[in-house]
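Spelled out, the chains give:
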Amino acid sequence: MNARLRRAIFVWAVPVLVGGGAAIVGSYYLPESIAAQATRQSNIALAHFAAINVSLPTSAAAFPAGKGSDIANTNCLICHSAGMVLRQPPLTVAEWNTEINKMKSSFGAPIASDQIDELAHYLGGINGRASDSGPAAVDSQGN
């Protein structure tokens, strides 16, 4: 075989062999075909959801009477019991205001903006402390 024929075979054989090797390696590492994906996904069990009925316990306890108790009973008892709110550390009126605003903005409490100050004064009156009586119990990050 002459040198020219060997060179021609080399020029054509090497890319064919490299391409074949790449195809074999690629078929192992590359993503599966669309048909194979469809077949695999058709065998996956879907999640089934069912409606459930949850009965939340009711409480006869309400907030103590006072100016603002109607706001607390209407808006706070949706998510909290009166006992849970009253067992919180005593907060200043400003801290209660921060907490109420957090409940409104972060958790969607349905309290009207014009009722926040009245509710903060009410909660500060029944479970509050003087504003100069020590470190704050609420962070000042506004959340």
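Heads up: the structure comes first, above all this text.
This section reports on the structure supplied with the text. (Residues numbered from 1 in each chain as written. Predicted model: local features only at pLDDT ≥ 70, side-chain atom pairs only at ≥ 80, totals over all residues. Heavy atoms only, no water.)

Once that is clear, we can look at the packing of helix H5 (residues 93-107) against helix H6 (residues 116-126). At a closest axis distance of 8 Å, the pairing of H5 and H6 adopts a crossing angle of 130°. Viewed along their axes, H5 and H6 adopt a mutual orientation that is oblique. Crossing geometry of H5 relative to H6 is assigned as right-handed. Each of Val 93, Trp 96, Asn 97, Ile 100, Asn 101 and Lys 104 in H5 lies in contact with H6, whose residues at this interface are Ile 116, Asp 117, Leu 119, Ala 120, His 121, Leu 123 and Gly 124. The residue makeup of the contact of H5 with H6, split by class, is 7 nonpolar, 4 polar and 2 charged. (Axes fitted to C-alpha atoms, helices over the stretch in contact; angles between N-to-C directions. Helix = DSSP H or I, 4+ residues; strand = E, 2+ residues; numbered from the N terminus. Parallel < 35°, antiparallel > 145°, perpendicular 65-115°, else oblique. Left-handed = near helix turned anticlockwise from the far one by under 90°. Contact = heavy atoms within 4.5 Å. Nonpolar A, V, L, I, M, F, W, Y, C, P; charged D, E, K, R; others polar.)

Let us look at the packing of aromatic side chains. Taken as a whole, this structure holds 1 aromatic pair when the rule is applied. Ring geometry for Phe 63 against Tyr 122: centres 6.4 Å apart, planes inclined by 75°, an arrangement best described as edge-to-face. Within this pair, whereas Phe 63 is found in the loop between helix H2 (34-42) and helix H3 (69-75), its partner Tyr 122 is found in helix H6, the two being separated by 59 residues in sequence. Accessibility assignment for this pair places Phe 63 and Tyr 122 in one class, buried. (Phe/Tyr/Trp six-rings, centres within 6.5 Å; stacked < 30°, edge-to-face > 60°. Buried < 20%, exposed > 50% of the residue type's maximum accessible area, 1.4 Å probe, protein only.)

Take the pattern of salt bridges next. Here the structure, examined in full by the defined rule, presents 1 salt bridge. Among the salt bridges present, the one from Lys 102 reaches Glu 99, with a minimum N-O distance of 3.4 Å. In this pair, Lys 102 and Glu 99 both sit in helix H5, 3 residues apart, roughly one turn of the helix. Pair check on accessibility: Lys 102 and Glu 99 agree, each one buried. (Salt bridge = Lys/Arg side-chain N within 4 Å of Asp/Glu carboxyl O.)

Spatial relationships are all this shows, so hold off on functional conclusions.
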